[in-house]
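Per-entry structural report
Next come the chains, spelled out residue by residue.
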Amino acid sequence: MDVKLNPSQDDLPLMANTSHMLVKHYVLDLDVEFENHVIEGTIVLFLESKNRLERGSSCSEKTFPFQSNNVHEFETPEPCHTSVRSTRTFSSKVEHNFAIYGTSGKDTSEKDGTHDNWEQASGTSGSECCSGTGNLGNQEFSLVLDCCDLSVLKVEEVDVAAVLGIEIFTKCPQFTVVPEELRNHIVHELVNMPADHWREQLNYFAQCSQAPGCGDLLFVVDPWSLQIRKTGVQTAADFPHAIRIWYRTNSEGRSVMWTTDQSGRPCVYTMGSPINNRALFPCQEPPVAMSTWQATVQAAASFVVLMSGENSAKPTQLPEGSLSWCYYVTMPMPASTLTIAVGSWAEMELEACSSCDQEVERCFSLVFVLPRCGSICSHMEYPCRFQNVSATTQDIIPHRVFAPVCIREICQKNLLQLIAPCLSAAHSVLGTHPFSRLDILIVPANFPSLGMARPNKEKTGHVTDSGASVIKHGLNPEKTFMQVHYLKGYFLLRFLAKSFGDETYFSFLRKFVHKFHGQLILSQDFLQMLLESIPEEKRFDLSVENIFQDWLESSGIPKPLNRERQTGTECALARQVDAEVAKWIRVNRRRRKRTRRVNEEVFAKLLPDQLVLLLERLLAQKTLHPRTLQSLQQIYLLPTQDAEVRHRWCELIVKHRYTAAYGQVESFLLEDQAMGIYLYGELMVSEDFQQQQLAHRCFTLTKEQMDRASAQVVAEMLF
């Protein structure tokens, strides 16, 4: 794997050899242990080799004897709660007996708990064998998966042919009965089942994931990958297409956050780490590796397990007293989109007899008639909602809201009523909801994410023949807090809407979503389709090239925004803010002169976005009198505003050393940790002893709760 990393630039490697094999489906069977801050269990990967993907199925669809009338009901398939292992007992067993998997008779476990069985079984080093190409001549093929901060205990081939009833996949007349070929053929037929047989497919995936192993596979783990091979196998086509990996996460792993919620109760959740999910399970990280998944997660009875599945899972009681939760997705997506949150969450209750209640009931009872994916859709085949009249007219999808117990009442009162109108508004603008349901979780204050890493080949540097590449500066801890690309993206969309008119722009958005749903797209795709939908004489000389040059490839404020500012074309809301700023400047001047004419000014009521702009404009003032700041706080009730407003207010407090409100800065750093990172810098740059003490005190109280990147950035500011 010839991937060159530059540690000084914090490059993030993508090691998976997706050019040779793709994971089509993951089956996870996991146990969440809060005592040790560990998630452990198994993951079964169902794979397809590239040459087989290009050839397609060697058998006709008559391989599937299911009688189908194309009726697709969105219900949860019967979960399989039996397991091939007990997680806790297996871990100790492997640690005690693992030496038998190699030939040297020596324990090969590393300090981090990872067991490599590569070198002692083959007599060669991992670097000599893990080139991971599709056909190595005399070398053996290696499946390379992205992983980090994981302890891999064992890897084995799964005997899918041992599953009862699996013979329906082996009726191809051209097929030769060689065990290895038989197993791979079964997996190929299974992953290529028609979309309208999704329920049977999930059940077969579950049964195959429980099948016995039929031989241990050699593996080696390095800091960024898990490399797996089978002795004597030289091509991806001959490599086992169903493998089971026994592993556990690291308590310091960077994909999940172990912390406490607002009620002080333990919880764990995925938080959009720069490394995405590779410290949660071995996977193929490049977005081109689109896959489906199903998961069974076991946790103590006091916890609720939420995942980004398509079903609203209900727990099953296990004999030992814990609960088991099963989720699944039928829409292929990148592995980075899988999310999990486990905690003592309380579910909000919809108001009885509300119209939303009736809509949710109607949504759950929908019956979907699925035509095969054809001219309607351009994505790979899956049970697509865009092909169904009932789904396309469903403006409010089923939704649930969860929150820590201590804020349940306020969420019930202020948040729950907003969701149905928001869903309806999204449907009116963008059309069909791509997902059948929505779960909303109020996360703890230390949630750091501004979005998942989204690499694409045009920006990840050199891509090897195997599909491996690097994300430039992907591990730079400061990138998490850089909002420039989000802001410029927002203003670009706003500029396009203003240039072409709202009606034209929103009509295009709806068509764009319909055309590209279920697919990976780039900014170029969006801009190209937009410009093609606009008559040439109305494009204002815009092109994909000059939009990229002005908005995405140039630093600073884009030229169109500068021109808009210079012409003074501001909306009425911004002009109102300017008038209020002028009033405050007058008030501040009077107070410096010790006059008592404050009440002469009448201040307008401002919206939250206007308050943000007001405070930003006031930040440009060299000095503000303490009484001016006190009046600002009282008139706009600043301590009760949202986090965006309070963040700007805290900046004013720090800049003008308004000691009477230092407690508000401390509360912000403790309760809104993700947004308070830059305030630490402001406190330290001031070189004010009292402010620096405040920064150190807050960091001491919160550093154990912060994610690694946030803690590193703040530590560099403070020390």
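Residues numbered from 1 in each chain as written. Predicted model: local features only at pLDDT ≥ 70, side-chain atom pairs only at ≥ 80, totals over all residues. Heavy atoms only, no water.

1. A few points about the overall build of the protein chain
- Scanning the protein chain for helices and strands turns up 23 helices and 22 strands.
- Counting over 719 residues, the protein chain shows a buried share of 52%.
- Pairs at least 24 residues apart make up 74% of the contacts formed inside the protein chain by residues separated by at least 6 positions.
- In the structure as shown, the protein chain presents an accessible area of about 33,900 Å², 53% of it carried by carbon and sulfur atoms. (Helix = DSSP H or I, 4+ residues; strand = E, 2+ residues; numbered from the N terminus. Buried < 20%, exposed > 50% of the residue type's maximum accessible area, 1.4 Å probe, protein only. Contact = heavy atoms within 4.5 Å. Areas by Shrake-Rupley, 256 points an atom, 1.4 Å probe, with all protein chains shown as cover.)

2. Some words on the confidence of the model for the protein chain
- Averaged over all residues, the pLDDT of the protein chain is 80; the fraction at 70 or higher stands at 75%.
- The model gives residues 120–137 a pLDDT under 50, and that stretch makes 46 contacts with residues more than four places away or in other chains.
- Under a pLDDT of 50 for its full length, residues 352–375 has, in the predicted model, 55 contacts with residues more than four places off or in other chains. (pLDDT = per-residue confidence, 0-100.)

3. Looking at the side chain of Q394
- In this fold, Q394 is placed in the loop between α8 (389–392) and β20 (399–404).
- Since its relative accessible area comes to 1%, Q394 is described here as buried.
- Engagement of the side chain of Q394 in a polar contact is seen with the side chain of R385, the distance being 2.8 Å. (Polar contact = N/O pair within 3.5 Å; in protein donor to acceptor, adjacent residues only side chain to side chain.)

4. Here's the deal with unusual backbone geometry
- For L637, which is not a glycine, the phi torsion comes out positive at approximately 50 degrees.
- With respect to the secondary-structure elements, L637 resides in the loop between α18 (626–636) and α19 (643–655).
- Unusually for a residue other than glycine, E687 sits at a positive phi of about 55 degrees.
- Mapped onto the secondary structure, E687 falls in the loop between α21 (677–685) and α22 (689–702).

5. Comments concerning the sheet that holds strand β5 (residues 142–146)
- One open sheet holds the three strands; their spatial order is β5-β9-β8, and the pairing between them is antiparallel. At either margin of the open sheet sits one strand with a lone partner, and together these are β5 and β8 (218–222). Here the strands of the sheet are splayed against their neighbours by 20 degrees on average, with no regard to which way each runs.
- Summarising the sheet, β8 and strand β9 (residues 225–229) pair through five bridges and their orientation is antiparallel. Its bridge partner lying in β9, L218 is registered against R229. (Pairing = 2+ DSSP bridges. Axes fitted to C-alpha atoms, helices over the stretch in contact; angles between N-to-C directions.)

6. As for the sheet that holds strand β18 (residues 345–347)
- In spatial order, the strands read β18-β20-β21; together these three strands make up an open sheet with mixed pairing. At either end of the open sheet lies a strand with only one pairing partner, and these are β18 and β21 (438–441). If you compare each strand with its neighbour and ignore which way they point, the axes differ by 30 degrees on average.
- When β20 meets β21, the two strands line up parallel, connected through four bridges. Residue pairing for β21: F402 is matched across the bridge by L441.

7. Details of the side chain of S291
- Relative to the assigned elements, S291 resides in strand β13 (residues 291–299).
- Leave out the neighbours within four places in its chain, and S291 touches V23, K24, H25, Y26, M331, P332 and M333.

8. With respect to the packing of helix α10 (residues 416–430) against helix α12 (residues 502–516)
- At a closest axis distance of 7 Å, the pairing of α10 and α12 adopts a crossing angle of 90 degrees. In terms of axis orientation, α10 runs roughly perpendicular to α12. Every residue of α12 that contacts α10 at H427, S428, V429 and L430 is listed here: F506, L509, R510 and V513. (Parallel < 35°, antiparallel > 145°, perpendicular 65-115°, else oblique.)

9. Comments concerning the packing of helix α13 (residues 523–532) against helix α14 (residues 544–552)
- Following both chains from N to C, one finds α13 and α14 inclined at 130 degrees, their axes separated by 10 Å at the closest point. As judged from the angle between their axes, α13 and α14 are oblique. Here the hand of the crossing between α13 and α14 comes out right-handed. Judged by residue contacts, S523, Q524, L527, Q528 and L531 of α13 engage V544, I547 and F548 from α14. (Left-handed = near helix turned anticlockwise from the far one by under 90°.)

10. What to know about the packing of aromatic side chains
- Throughout the structure, instances matching the rule amount to 20 aromatic pairs.
- Aromatic side chains F699 and F719 sit 6.3 Å apart centroid to centroid with 55 degrees between the ring planes, which places their arrangement in the tilted category. Residue F699 is found in helix α22, and its partner F719 is found in the segment after α23 (708–718); the two are separated by 20 residues along the sequence.
- An aromatic cluster is built from F508, F512, F516 and F526, whose rings are joined through pairwise contacts. (Phe/Tyr/Trp six-rings, centres within 6.5 Å; stacked < 30°, edge-to-face > 60°.)

11. What to know about the nonpolar core
- Grouped together as the largest cluster of nonpolar side chains are 66 residues, with contacts concentrated most on Y26, I228, I245 and F281.
- Sequence-distant contacts of F281, that is, excluding residues within four places in its chain, are made with Y26, L28, I43, D146, L150, Y247, A335 and L338.
- The next biggest cluster of nonpolar side chains, apart from the first, holds 45 residues, and it includes I585, L614, Y662 and L669. (Core = buried A, V, L, I, M, F, W, Y, C linked by side-chain atoms within 4.5 Å.)

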